[in-house]
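# Summary of structural features
Each chain is listed here by its residues.
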Amino acid sequence: MDDNGTTESDNTPTSSSVLTCNDVGYLKFDKSSNCPVISDQLRMEMVKKGSQPFQHKDGPFIDKGGRSMNSTWFTRRLANGKGDVVNRTWLVYSPIKQAVYCFCCLLFSCTSSNSRSSFQLPEGFSSWKKTEKVADHEGSLSHRQSFNTWKETELRLTKGIL
């Protein structure tokens, strides 16, 4: 395997590229379901590592059609009247795909393709003008369930239960 996480024989990325490059863009997807193909071992390694290395918050973010990803997308302001800001730990940027993905939905969700957001699909989300789509995904039932499963798995791993 070379530094880009490809094998010499076929020049395709391997699942270890996801971990070595900290880039979910290297995940392989099933062609019929468009679901990521993730072994239990890779899933657990990604949960142990956490989403932060995969976020690439500092870019660089490549301009597409006059717009690009913005580091402010990694936080959101709470509607509590105090202006509190929380991190979107689930949001990850893929430099290789120049798109954002949902870390927890990639790891723990594979609902039918017609009910999944672009944050879970092979090409990711890169419609930078449609910033409302981030909040739409964040508020979806599928995302909230995947987020809870991620955090439960993370807790079990830290306690040595898994």
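Just above sits the structure.
The structure reproduced in this document is the subject of the present report.

Basis of the calculations
Residues numbered from 1 in each chain as written. Predicted model: local features only at pLDDT ≥ 70, side-chain atom pairs only at ≥ 80, totals over all residues. Heavy atoms only, no water. Helix = DSSP H or I, 4+ residues; strand = E, 2+ residues; numbered from the N terminus. Contact = heavy atoms within 4.5 Å. Phe/Tyr/Trp six-rings, centres within 6.5 Å; stacked < 30°, edge-to-face > 60°. Buried < 20%, exposed > 50% of the residue type's maximum accessible area, 1.4 Å probe, protein only. Lys NZ or Arg CZ within 6 Å of the ring centre and 35° of its normal. Expected span 1.5 Å × (residues − 1). Arc of directions from axis to C-beta. Pairing = 2+ DSSP bridges.

### A look at the environment of Ser39
Within the element layout of this structure, Ser39 appears in the loop between strand S2 (36–37) and helix H2 (40–49). Residues Ser39 and Leu107 lie 68 residues apart in sequence; the distance between their C-alpha atoms is 9.7 Å.

### Thoughts on the environment of Arg144
By the element assignment, Arg144 lies in helix H6 (residues 141–158). Those residues in contact with Arg144, other than ones at most four positions away along the chain, are Glu138 and Gly139.

### Remarks on the side chain of Gln120
Position of Gln120 among the secondary structure elements: in the loop between helix H4 (103–108) and helix H5 (132–138). Apart from the residues within four sequence positions on either side, Gln120 is in contact with Phe29, Asn34, Cys105, Leu106, Ser109, His137 and Ser142.

### Some remarks on the packing of aromatic side chains
We describe a pair of aromatic rings using the distance from one ring centre to the other and the angle between the two ring planes. A full pass over the atoms with the stated rule returns 9 aromatic pairs. When the centroid spacing of 5.2 Å and the interplanar angle of 65° are considered together, the rings of Phe103 and Trp150 count as edge-to-face. On the criterion of sequence distance, the pair formed by Phe103 in helix H4 and Trp150 in helix H6 is long-range, its members being 47 residues apart. Assigned by exposure class, Phe103 and Trp150 land together as buried. Three or more aromatic residues link up through ring pairs in this structure, and these residues are Trp73, Trp90, Phe119, Phe125 and Trp128. Positioned above the aromatic ring of Phe108 is the side chain of Arg43, whose terminal nitrogen or guanidinium carbon lies 5.9 Å from the ring centre. Positioned over the ring face of Trp150 is Lys151, at 4.0 Å from the centre of the ring.

### Notes on unusual backbone geometry
Of note, the bond from Gly59 into Pro60 is cis; its omega dihedral lies within 30 degrees of zero at 5°. Note on placement: Pro60 falls in the loop between helix H3 (52–55) and strand S3 (75–77). One non-glycine residue with positive phi stands out, namely Asn22, at about 50°. Its place among the elements puts Asn22 in the loop between helix H1 (15–21) and strand S1 (28–29).

### Thoughts on H6
If you check H6, its first and last C-alpha atoms are 26 Å apart, about what 18 residues at 1.5 Å a residue would give, namely 26 Å. For H6, the full list of buried residues reads Ser142, His143, Ser146, Trp150, Thr153 and Leu157. Taken down its axis, H6 places every buried residue within 95° of arc, on the same side. Those residues of H6 that are exposed and angled more than 90 degrees off the buried face are Leu141 and Thr158. Buried residues in H6 make contact with H2, strand S6 (99–102), H4 and H5. Looking one or two residues past H6, Gly160 carries a phi angle of roughly 80°, positive in sign.

### Regarding the pairing of strand S5 (residues 91–94)
Residues Leu91 and Tyr93 of S5 are buried on one face, and the alternating residues Val92 and Ser94, pointing to the opposite face, are buried as well. Across 4 bridges, S5 lies against S6 in antiparallel orientation. Bridge pairing links Val92 to Tyr101 in S6. Here S5 folds back onto S6 in antiparallel fashion, the turn holding 4 residues, of which Gln98 has a positive phi close to 50°.

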